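Given next are the chains, with one letter for each unit.
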Amino acid sequence: MNDFKQWLRAMPKAELHLHIDGSLQASRLLQLAAKNGVDIPYDSVESVEQAYNFEDLQSFLDLYYLGASVLRDEEDFYFLMKDYLDKCHEQNIIHTEIMVEPQTYLPYGVAVETVLAGFRKAIAEAREQNGQSALMILSMLRHLSEDEALAMLDSVEPFRDDFVGIGLASSEVGNPPEKFERLYAKAKSLGYKLIAHAGEEGPPSYIWGALDLLHVDRVDHGVRCVEDDVLVERLVKEQIPLTVCPLSNVRLCVFDTMADHNLLEMLDKGLCVTVNSDDPTYFGGFMNENFESLADELGMNKEQALKLSANGFKASFLSDEAKAALLAKLDAFAAA
Ligand code: ADE
Ligand code: ZN
């Protein structure tokens, strides 16, 4: 491994766009399917990994929801979160904001309380044992109705402190931001931070909708903003963070190859771009592999890597004091 890759691996990082179900390892999927008696069409790690071959967002989501269907009890959720947080520790991801999607498990009779008990335990251990910082975001599934999302928001009321914000994921095209205006207004009134996937497969108008109708604090993906100069101007002026996921975009054919990815072009335009993994086990890499791929394929340099990492800490939902403490770690690393 060359020196730059070693340096990237050691760089303190924040991850702001991560679906916890997207970190489910193939070996864990098989183990939990067997344990919980869930019939899946795979019998080896290789056969699961062979299915990581997607044409678009929907073809990925079909496998992603099948994977999530093997989780049942508190211990399953504990190990899912622990596996991811162990990986964060290994990769110097010192802060992470994790999307949790309890609507996914409802058809299997899994209560929100069960999900959260497992996740909370793993997060508390990572904090105590390694000083890791993690926040959870309640992410809603946009292929379901707004009423179902509102019902989920109500049902987490007893667990309000577990979530810093709400988000919107799943099939983007055909489920525009305006479908969820009441949900976002209610979440805002309850003090949640607001994020939404927009402009991954959907057009720039979905990013406008996320800004003007949902009033989001951050946009997940947003890579299609470059098709609209006025939108780029707005995003730059307001420094709305975009949580970009390079390996995800290539695996889901948003860009043909990494060499075609617009991440550095977006950074050059003055957009507040961050690097994230989205669904790391399905897309061939966690944070380090995303940064390494930007170095290999786009020629990202140290200065750009530091800027991207600093953007991650600045765009987080931590307090100003906590952000400053983590940015000081990045500064110390850069100076060393
Ligand atoms: N859920 C998990 N990954 C997603 C993605 N990349 N886009 C939309 N919804 C998702
Ligand atoms: Zn995502």
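This one's a predicted model, so the numbers in the text were calculated from it and none came from an experiment.

Considering the pairing of strand 4 (residues 163-169)
Along strand 4, 7 of the 7 residues are buried, which leaves the element largely enclosed by surrounding structure. Alignment of strand 3 (residues 133-141) against strand 4, held across 6 bridges, turns out to be parallel. Paired with Met136 across the bridge in strand 4 is Phe163. In this view, the connection linking strand 3 to its parallel neighbour strand 4 by way of helix 7 (residues 146-155) has right-handed handedness. Handedness of the crossover is the feature at issue here: the chain leaves strand 4, passes through helix 8 (residues 181-189), returns alongside strand 5 (residues 193-198), and the resulting connection is right-handed.

Structural notes on the side chain of Glu15
Checked against the element boundaries, Glu15 lands in strand 1 (residues 13-19). In this structure Glu15 is buried but unpaired, with Lys13 as the nearest side chain of opposite charge at 10 Å. From its side chain, Glu15 meets the backbone nitrogen of Ser277 in a polar contact 2.6 Å long. Discounting chain neighbours no more than four positions away, the residues touching Glu15 are Tyr84, Ile93, His95, Thr96, Glu97, Asn276, Ser277, Asp278 and Met287.

Some remarks on the site of ligand 1
All residues adjacent to ligand 1 are His19, Leu57, Phe60, Leu61, Tyr64, Ala169, Ser170, His197, Glu200, His221, Asp278 and Asp279. A distance of 2.8 Å is found between a nitrogen atom of ligand 1 and a backbone nitrogen or oxygen belonging to Ser170. Glu200 is positioned such that a nitrogen or oxygen atom in its side chain is 2.7 Å from a nitrogen atom of ligand 1. Considering ligand 1 on its own, with 260 Å² of exposed area, one finds that the protein chains cover 100% of that surface. At 4 residues, the largest contribution of residues to the shell around ligand 1 is made by helix 4 (residues 57-68). Each residue belonging to the shell around ligand 1 can be placed in one class, and the counts come to 5 nonpolar, 4 polar and 3 charged.

Some points on the layout of surface pockets
Its boundaries defined by the atoms lining it, the largest pocket holds a volume of some 220 Å³. Lining of the largest pocket is provided by 13 residues; of these, Gln103, Thr104, Pro107, Leu141 and Leu144 occupy positions nearest its centre. The residue makeup of the lining of the largest pocket, split by class, is 8 nonpolar, 4 polar and 1 charged. Here the second largest pocket is characterised by a volume of approximately 160 Å³. Together, Arg120, Ile123, Arg127, Ala134, Leu135, Met136, Asp161, Asp162, Phe163 and Val164 line the second largest pocket. Elements represented by at least two residues in the lining of the second largest pocket include exactly helix 6 (112-130), strand 3 and strand 4. Across the lining of the second largest pocket, the residue classes break down as 6 nonpolar, no polar and 4 charged.

Some thoughts on the packing of aromatic side chains
All told, the structure shown has 13 aromatic pairs when counted by the stated rule. With 5.1 Å between their ring centres and 40 degrees between their planes, Trp7 and Phe333 make a pair best called tilted. Taken together, the residues span a long stretch of sequence, with Trp7 in helix 1 (residues 3-10) and Phe333 in helix 16 (residues 320-335) at a distance of 326 residues. As far as burial versus exposure is concerned, Trp7 and Phe333 are alike and both buried. Here the aromatic residues Tyr52, Phe54, Phe60, Tyr64, Tyr65, Tyr282 and Phe283 are joined through ring pairs into a cluster of three or more. The ring of Phe286 is capped by Lys87, whose NZ or CZ atom sits 5.1 Å from the centre of that ring. One cation-aromatic arrangement involves Lys121 over Tyr78; the distance from NZ or CZ to the ring centre is 4.2 Å.

A word on the sheet that holds strand 5
Strand order in the open sheet formed by 8 strands is 1-2-3-4-5-6-7-8, and the pairing between neighbours is parallel. Of all strands in the sheet, those bounded by a partner on one side alone are strand 1 and strand 8 (273-275). Across the sheet, the mean angle separating the axes of adjacent strands is 25 degrees when strand polarity is ignored. By the bridge criterion, 5 bridges tie strand 1 to strand 2 (residues 93-100) in an arrangement that is parallel. Paired with His19 across the two strands is Met99, which belongs to strand 2. Of the strands in this sheet, strand 1, strand 2 and strand 8 touch helix 14 (residues 287-298), which is tilted by about 110 degrees from strand 1.

A few points about the packing of helix 2 (residues 26-36) against helix 5 (residues 74-90)
Where helix 2 meets helix 5, the closest approach of the two axes is 12 Å, and the angle between their N-to-C directions is 175 degrees. Comparing their axes, helix 5 and helix 2 come out roughly antiparallel. For the pair formed by helix 2 and helix 5, the contact residues are Arg28, Leu32, Lys35 and Asn36 on the first element and Glu75, Asp76, Phe79 and Asp83 on the second. Within the contact of helix 2 with helix 5, the residues separate by chemical class into 2 nonpolar, 1 polar and 5 charged.

Observations regarding the side chain of Glu292
Its place among the elements puts Glu292 in helix 14. Residue classification places Glu292 among the buried residues on the basis of a relative accessible area of 9%. Setting aside its immediate chain neighbours within four residues, Glu292 contacts Lys5, Leu8 and Arg9.

Thresholds, definitions, all that
- Residues numbered from 1 in each chain as written.
- Chains lettered and ligands numbered in written order.
- Predicted model: local features only at pLDDT ≥ 70, side-chain atom pairs only at ≥ 80, totals over all residues.
- Heavy atoms only, no water.
- Buried < 20%, exposed > 50% of the residue type's maximum accessible area, 1.4 Å probe, protein only.
- Helix = DSSP H or I, 4+ residues; strand = E, 2+ residues; numbered from the N terminus.
- Pairing = 2+ DSSP bridges.
- Right-handed = clockwise from strand over helix to strand, strands pointing away.
- Lys, Arg positive; Asp, Glu negative; His and termini not counted.
- Salt bridge = Lys/Arg side-chain N within 4 Å of Asp/Glu carboxyl O.
- Polar contact = N/O pair within 3.5 Å; in protein donor to acceptor, adjacent residues only side chain to side chain.
- Contact = heavy atoms within 4.5 Å.
- Near = heavy atom within 4 Å.
- Areas by Shrake-Rupley, 256 points an atom, 1.4 Å probe, with all protein chains shown as cover.
- Nonpolar A, V, L, I, M, F, W, Y, C, P; charged D, E, K, R; others polar.
- 1 Å grid on protein atoms, 1.4 Å probe; cavity = no way out; pocket = protein on both sides within 12 Å on 5 of 7 lines; lining within 4 Å.
- Points joined across faces, edges and corners; volume = space filled by probe spheres on them.
- Phe/Tyr/Trp six-rings, centres within 6.5 Å; stacked < 30°, edge-to-face > 60°.
- Lys NZ or Arg CZ within 6 Å of the ring centre and 35° of its normal.
- Axes fitted to C-alpha atoms, helices over the stretch in contact; angles between N-to-C directions.
- Parallel < 35°, antiparallel > 145°, perpendicular 65-115°, else oblique.

Just geometry here; none of it tells us what the structure is for.
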